[in-house]
Amino acid sequence: MTDWCAEPVHLCLYPFLSAASEYVEESGITLDDLIHSGTYRYARSRGKERVIEAIKDGKVRKQAIISNAQAETELLSYPFARILVSCIEDERLVRRYAISEAKGAYETLLEDSSTGSSLDTDIIYEMSEEFGIRVDFLPGEREQVQMPFVDYLRFTANLRDKRWKLVNRELEKGKVKLRKSEFIRIIQEAMYERIKKDLPLDVPADICKAISGYTESIKKELEETRKKFGDAGFDFESGYRVKDPGCFPPCMSHILNNLKEGVNVPHSARFAVTAFLLNVGLTEDEIIEIYKNSPDFDADRTRYQVEHIAGDKGGVRYTAPSCATMRTYGNCVGNDEVCEKVSHPLSYYKLKLKKKRKKVEYK
Ligand code: SF4
């Protein structure tokens, strides 16, 4: 890291960087100080605010930092926010919080890399190094980069839009060409992985008790926001409209009908429907309930598998398979007019919802 990047005013904008953790460690501030000392009350309030912003806005906002003292408060608010979400013990809040931190940092990085100075390329190289992504600017270019396709595949696994598919990218000698802004979107995925790692933390009960004033007001906000999202038919974590079975693709409806009727459904279809339902916002318990009619239902095994697909076990949240994979396993049953326009069951769902919403608007 350059000196510029190691300054607290910079680090506090990216508090998940290794240099930021080192800075906090070297400052000699203990966990006890952060939790109890009056000196750090602003860091604690800002930590709470980070989580509230994640809940309400889906993004942790960048603060205007004008002094080192303010930067240190901002830096310390990050570990405190992580402690808060860990004490609340709500897996969907953890994911929303991590996504919101990564989104905020993505916007900051877009800004930091568009100043028109040489720092624009420096910061891209530094971030790439931090996350172990190999990248090069194209010769004579400041807006175009290239990266090895293996790194590209690793960090775009969760990006569902067609434009991220490798077949839709320009590939030369094993390297994928991208606009700088697209590359920053890929860094956002790496940031999310870093932020989500180790969450929820194993926080001792006495610490959770000591900060219960903060967690209680967050829980209240969480409840209110979820109610608002739920009433509007949106999933809290992703902002995705949920649970409209009338818009499910034929493949998923077919698997669900089979499960309802107690037909023994193959493993590939169970995986597909579980991932699909998680993606559209059903809870793990709601999904387990669906499997209860299966002839071989085993509550513990089903819970284990659903949690694994949700990413609770290995940290990777699976997405539903594409139409091509569904076809390979014999799980594609239909070809209605919407199927012909999509290559993914989730795209089918989104498109059908969009059409439905338009119809309602025009009525
Ligand atoms: S084409 Fe795709 S969305 Fe349609 S039924 Fe087949 S797998 Fe499902």
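Below, the structure is looked at part by part. Treat the numbers as computed from the prediction; the structure is a model and nothing was measured.

### Digging into the sheet that holds strand 3 (residues 171-172)
- Spatially, the four strands line up as an open sheet ordered 1-2-4-3, and their pairing is antiparallel. Of all strands in the sheet, those bounded by a partner on one side alone are strand 1 (136-137) and strand 3.
- Direction of pairing for strand 2 (residues 144-148) relative to strand 4 (residues 175-179): antiparallel, over a ladder of five bridges. Bridge pairing in strand 4 places Val-145 opposite Leu-178.
- Against the sheet, helix 10 (residues 180-196) touches strand 2 and strand 4, its axis set at about 105 degrees to strand 4.

### Observations concerning helix 13 (residues 250-260)
- Turning to helix 13, its buried residues number three or more, namely Cys-251, Met-252, Ile-255 and Leu-259. Buried residues of helix 13, seen end-on, are gathered within an arc of 95 degrees and therefore sit on one face of the element. Exposed side chains of helix 13 directed beyond 90 degrees from the buried face belong to Asn-257 and Lys-260.
- Positive backbone phi, at 80 degrees, marks Gly-262, one or two positions downstream of helix 13.

### Some thoughts on the site of the ligand
- Near the ligand you find 13 residues, and of these Pro-249, Cys-251, Cys-323, Cys-332 and Cys-339 are the closest.
- Put simply, the parts of the chain that give the shell around the ligand at least two residues each are helix 13, helix 17 (323-328) and helix 18 (345-362).
- When grouped by side-chain class, the residues that make up the shell around the ligand number 11 nonpolar, two polar and no charged.

### A look at unusual backbone geometry
- Here the amide bond leading from Leu-199 into Pro-200 is cis, since omega sits at -5 degrees, within 30 degrees of zero.
- The topology assignment puts Pro-200 in the loop between helix 10 and helix 11 (205-210).
- Positive phi outside glycine occurs at Glu-89, with the angle close to 55 degrees.
- Position of Glu-89 among the secondary structure elements: in the loop between helix 6 (68-88) and helix 7 (91-112).
- Take Glu-89: there are 12 C-beta atoms within 10 Å of it, and that puts it in the exposed class.
- One non-glycine residue with positive phi stands out, namely Lys-173, at about 50 degrees.
- With respect to the helices and strands, Lys-173 occurs in the loop between strand 3 and strand 4.
- We classify Lys-173 as exposed; it has 7 C-beta atoms within 10 Å.

Cut-offs used in this document
Residues numbered from 1 in each chain as written. Predicted model: local features only at pLDDT ≥ 70, side-chain atom pairs only at ≥ 80, totals over all residues. Pairing = 2+ DSSP bridges. Helix = DSSP H or I, 4+ residues; strand = E, 2+ residues; numbered from the N terminus. Contact = placed C-beta atoms within 7 Å. Axes fitted to C-alpha atoms, helices over the stretch in contact; angles between N-to-C directions. Buried ≥ 20, exposed ≤ 12 C-beta atoms within 10 Å, placed from the backbone. Arc of directions from axis to C-beta. Near = placed C-beta within 6 Å. Nonpolar A, V, L, I, M, F, W, Y, C, P; charged D, E, K, R; others polar.

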